[in-house]
Structures are given as structure tokens and as C-alpha cells.
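Listed here are the chains, written in short residue letters.
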Amino acid sequence: LVLLLLLFKALLLWQGLFLAPPPFVFGNMESLSNNWENIGQDVESVWRSDTMKQISAIKELIQSTRSSLQDNPSDGEQTIQKGFKTFKKKTKLLSETHKAGYTKLAKFSTTVTKATASSSSSSYSTLEYPSITEDDKKHLYSLVTDYLQRRGEIEACKKLEQEAGVTLKTENVEIMEQMHAVVVALHNRDIHPLQSWMVDNSAQCSDRLLLFFLRMQILQLVANGKLDDALQLAQTHLPPLYTKHNQEIHRIMLSFAYGENVSSHDDFKYYFSEHAWSELAQIFTQIACSAMGINFASPLTLCINAGCESVLHMVKWKELSLKTNSESVWYEDDTMPIETPSESAYQPFHSVFVCPISRCLASQSDPPVVLQCGHVMNKSSANSLAAANRRVVSCSYCPVKTKISEIVEMKRW
């Protein structure tokens with residue numbers, strides 16, 4: 001629940017200070033934003049309107065000169081000299097107009113510099129933070145190790161374990177290496193490692209992964225003119241998916257009508273782009289992580305992204321806390337004083353959890369637990385509901401029932 005707090009702890013450990021940015025960050029941000037919008041409109045007017053008109057004039061000059069040469073070949077030298085003089089004037093004017101756009105952008109850079117310089121004398125306040133514990137360090141090492149494993153940096157993980165003097169979890173090392181190799185191959189447009197993985201892990205393959213994989217394979221074969229191979233692949237693997245995905249399969253079979261031109265058709269050209277290969281790699285990573293029982297997103301990446309997105313909110317709260325002499329409250333009981341929004345996680349972060357059943361705060365002795373339906377409640381509430389219903393918890397928000405053995409406890413880190 002407090003992954004963000006761990007990130008802040010690590011930053012404090014490395015820097016030793018909690019720095020409050022100068023007031024211009026909030027005071028002048030709106031004026032800078034308005035200034036940028038005005039400059040953007042001016043630059044767009046210069047580059048899209050004036051510049052394009054001058055380019056069109058140059059094209060017309062070239063065309064008219066070519067026509068004159070064809071009509072009067074005997075006057076060719078005079079026509080070329082006259083056209084060249086006019087061409088030089090127009091290109092010079094085009095260069096000056098284009099330069100005017102960069103001049104306007106440079107003015108905005110100067111405005112930002114002046115705004116920051118005006119607050120350079122602002123004093124930075126510091127806030128001592130309690131020393132980080134060994135458990136905190138272990139959690140941080142665990143986050144870094146998980147990130148390195150996902151990237152296939154196994155040697156770096158071993159080096160970290162050796163230098164930090166800790167024993168890290170390595171149950172999924174081989175699976176992580178294989179998963180990373182498949183992802184790298186997909187980004188290089190090599191689908192064979194994924195095909196081998198799907199054969200070895202057919203039980204974990206979802207319909208979404210299988211359908212996307214077959215669509216990519218079939219379209220590639222059709223585009224290469226191998227219609228018989230594409231048809232055989234479709235007849236072998238698509239029938240079991242037809243009941244749930246008949247519309248998608250109809251679209252796939254429509255590709256045969258376009259033959260080798262399928263890659264240029266609007267309905268299919270996406271699947272020949274880099275974005276399609278990236279999407280396939282993302283779907284595979286989600287399936288592989290689910291099979292290992294780990295989150296799709298790296299906790300370290302989640303912490304950093306959420307920290308970057310919420311830093312302005314934290315700075316604003318810091319300024320308010322300095323005015324109200326309440327700056328020491330922010331780290332008490334390992335809780336954050338404000339809600340931390342996050343666009344990358346599609347939900348805000350909270351450092352506290354209130355059970356919707358008992359209306360009590362979660363704690364280490366009574367942590368929150370997740371039911372099979374995804375809803376969350378305190379462990380004591382889940383035990384009470386299970387005791388009254390033969391070890392089965394009936395969710396209060398939906399009709400899904402969860403066995404007490406299937407309940408997952410939410411960890412703090």
C-alpha cells in the first residue's frame with residue numbers, strides 16, 4: 001500500500017534532504033503555460049501558413065521555368081538566369097520566415113530562465129528523516145532485483161546480491177530469462193521464440209494471446225503470397241476459437257481476398273507496424289507474469305512513474321505544511337498525508353485502507369485481503385463472513401463467492 005513511501009525513503013537515503021522547490025513552480029506555472037500557448041499559435045502561423053505559401057511559390061516558379069524552357073528552347077540560358085535570381089530571393093525569404101519561428105521559441109526559453117532566476121534566492125528547507133531500516137533496504141533491493149530480472153539482467157542481480165550481502169528470491173529467474181528473450185525477439189519481429197513458448201505452455205495461453213498470434217501469422221503468410229500455408233494454419237487453429245471470437249475470425253479470413261496487398265489495406269496495415277509487435281509483446285508479458293503469479297508492471301517502475309506524476313502535489317503539500325508548522329506529520333506511521341494520483345496506474349494511491357465492512361482502518365495485525373472478484377476488505381471481516389458461511393466468503397458487492405484458502409493478503413511492499 002505504500003510503495004511510494006519506499007521510493008521517497010530511498011531518495012532521502014541517497015540525498016539526505018527533502019528539498020522544497022522555489023515558489024515559482026506554482027506561482028508562475030499558469031503564466032508560463034499561457035505564454036507557451038500564445039507562442040505555439042504564433043509559430044504555427046509562421047511555419048504552417050507563411051512557410052507553406054513560400055514553398056508553394058517556389059514550386060510554381062520551378063514549374064513555370066520548366067514550361068518556358070520547353071516552349072522556347074532557344075531562350076534557355078536567359079530563362080534559367082532569370083529563374084535562378086527569383087529562386088534565390090524566394091529561398092532567402094523562406095529562410096528568414098523559418099528563422100522567425102525559432103526566434104519566437106527562443107523567447108520562451110528566455111522567459112523560463114528569467115522566471116527561475118527570479119526565485120534563485122529562495123531558501124531551500126530541509127527535513128531530517130528517520131534512518132532507513134534494514135527491512136526497508138531489503139525491500140528496496142527486492143524491487144531493484146525484480147526490475148533487473150524482468151529485463152534479463154541476471155548477472156546484475158547476482159552482483160547486487162553479492163555486494164548487498166542479502167539473499168534475494170530467485171525462484172523465477174529462468175522463467176524471467178525466457179520471457180525477456182521472447183520479448184526481445186518480438187521487438188525484432190521474430191515470432192519463433194513466442195511460438196516455442198506457446199507450445200511448451202499451452203495451458204497458460206489465453207484466447208487473446210492465441211488469436212493475436214494467429215492473426216499476425218496468417219496476415220504475414222498472406223502478404224508473402226503463401227495462401228495455402230495461411231489457410232492450413234487457419235483451419236487447424238481457428239475453429240476452437242470461433243464460438244467466442246467469430247467476428248474477429250471473419251475479419252481474419254477476409255484478408256485472403258486482398259492477397260499480397262493486404263499490408264496496405266486500412267483494416268490490416270496496423271498488424272504490419274511496430275505497434276502491433278509491441279502490443280503482442282505486451283500481451284505475452286501479461287500472460288507470462290500471470291502464470292508466475294507476479295504483477296505485470298514492475299513495482300520499481302510503478303513507484304518511479306507514480307512519484308514523477310505526484311511530485312508537484314507533494315511539493316505543494318510541503319509548502320502548506322511549512323506554513324502550518326506540520327511538516328513532521330508526513331512520515332508518521334508510514335502514511336502519506338494526501339492522495340497520490342497516478343495516470344500510469346489508472347487509480348490513485350493511498351497509504352491507508354478503511355474496510356468497507358467493519359469501517360476500521362487496516363493494520364499489520366488486520367491487513368486488507370483481496371477476494372477472487374477483486375474486491376478488498378480487512379482480514380478480520382473476511383474471517384467473520386467465512387465463519388458464518390462454511391469457510392466461504394460471499395462478497396458484499398457482487399455475487400462471487402471465495403474460499404477462505406483463495407483469499408490473497410495484500411502486502412505492504
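Residues numbered from 1 in each chain as written. Predicted model: local features only at pLDDT ≥ 70, side-chain atom pairs only at ≥ 80, totals over all residues. Heavy atoms only, no water.

Can you help me understand the pattern of salt bridges in this one?
Oppositely charged side chains may form a pair once their charged atoms are brought near each other. Inspection of every chain in the model, using the stated rule, returns five salt bridges. Close ionic contact of Arg 215 with Glu 248 constitutes a salt bridge, the shortest N to O distance being 2.6 Å. Taken together, the residues Arg 215 in helix α9 (residues 207–223) and Glu 248 in helix α11 (residues 242–254) connect sequence positions 33 residues apart. Classification of Arg 215 by relative accessible area gives buried; the value is 8%. Between Lys 379 and Glu 409 there is a salt bridge, with its nearest N and O atoms 3.6 Å apart. Here Lys 379 is found in helix α14 (residues 379–387), whereas its partner Glu 409 is found in strand β5 (residues 408–409), with 30 residues between them in sequence. One continuous salt-bridge network, built from bridges that share partners, spans Arg 215, Glu 248 and Arg 251. (Salt bridge = Lys/Arg side-chain N within 4 Å of Asp/Glu carboxyl O. Helix = DSSP H or I, 4+ residues; strand = E, 2+ residues; numbered from the N terminus. Buried < 20%, exposed > 50% of the residue type's maximum accessible area, 1.4 Å probe, protein only.)

Sorry, what's going on with the nonpolar core here?
What tends to happen in soluble globular proteins is that the nonpolar side chains get buried as a cluster. With 43 residues, the main nonpolar core has Leu 194, Trp 197, Leu 209, Ile 218 and Phe 284 as its most contacted residues. Breaking this core down by element, the ones donating at least two residues are α7 (173–187), α8 (192–200), α9, α10 (227–237), α11 and α12 (274–292). In terms of residues, this core owes the most to one element, α9, which gives 11 residues. Sequence-distant contacts of Ile 218, defined by excluding residues within four places in its chain, comprise Ala 230, Leu 233, Ala 234, Leu 238, Ile 252, Ser 255 and Phe 256. Among the nonpolar cores identified, the runner-up in size contains 10 residues, and Leu 371, Met 377, Ala 386 and Val 393 belong to it. (Core = buried A, V, L, I, M, F, W, Y, C linked by side-chain atoms within 4.5 Å. Contact = heavy atoms within 4.5 Å.)

Would you mind showing me how to read the packing of aromatic side chains here?
Given two aromatic rings, their pairing is described by the distance between the two centres and the angle made by the two planes. Taken as a whole and assessed by the stated rule, the structure comprises four aromatic pairs. Their ring planes at 65° and their centres at 5.8 Å tell us that Phe 212 and Tyr 271 sit as a pair that is edge-to-face. Of this pair, Phe 212 sits in helix α9 while Tyr 271 sits in the loop between α11 and α12, and the two are 59 residues apart along the sequence. There is no split in this pair, since Phe 212 and Tyr 271 are both buried. Clustering of aromatic rings is evident, with ring pairs tying together Phe 212, Tyr 270 and Tyr 271. (Phe/Tyr/Trp six-rings, centres within 6.5 Å; stacked < 30°, edge-to-face > 60°.)

Would you mind showing me how to read the environment of Leu 241 here?
With respect to the helices, strands and loops of the structure, Leu 241 is situated in the loop between α10 and α11. Between the C-alpha atom of Leu 241 and that of Leu 210, which follows or precedes it by 31 residues, the distance is 9.1 Å. Beyond its immediate stretch of four places on either side in the chain, Leu 241 contacts Asp 207, Leu 210, Leu 211, Leu 214, Asn 246 and Ile 249.

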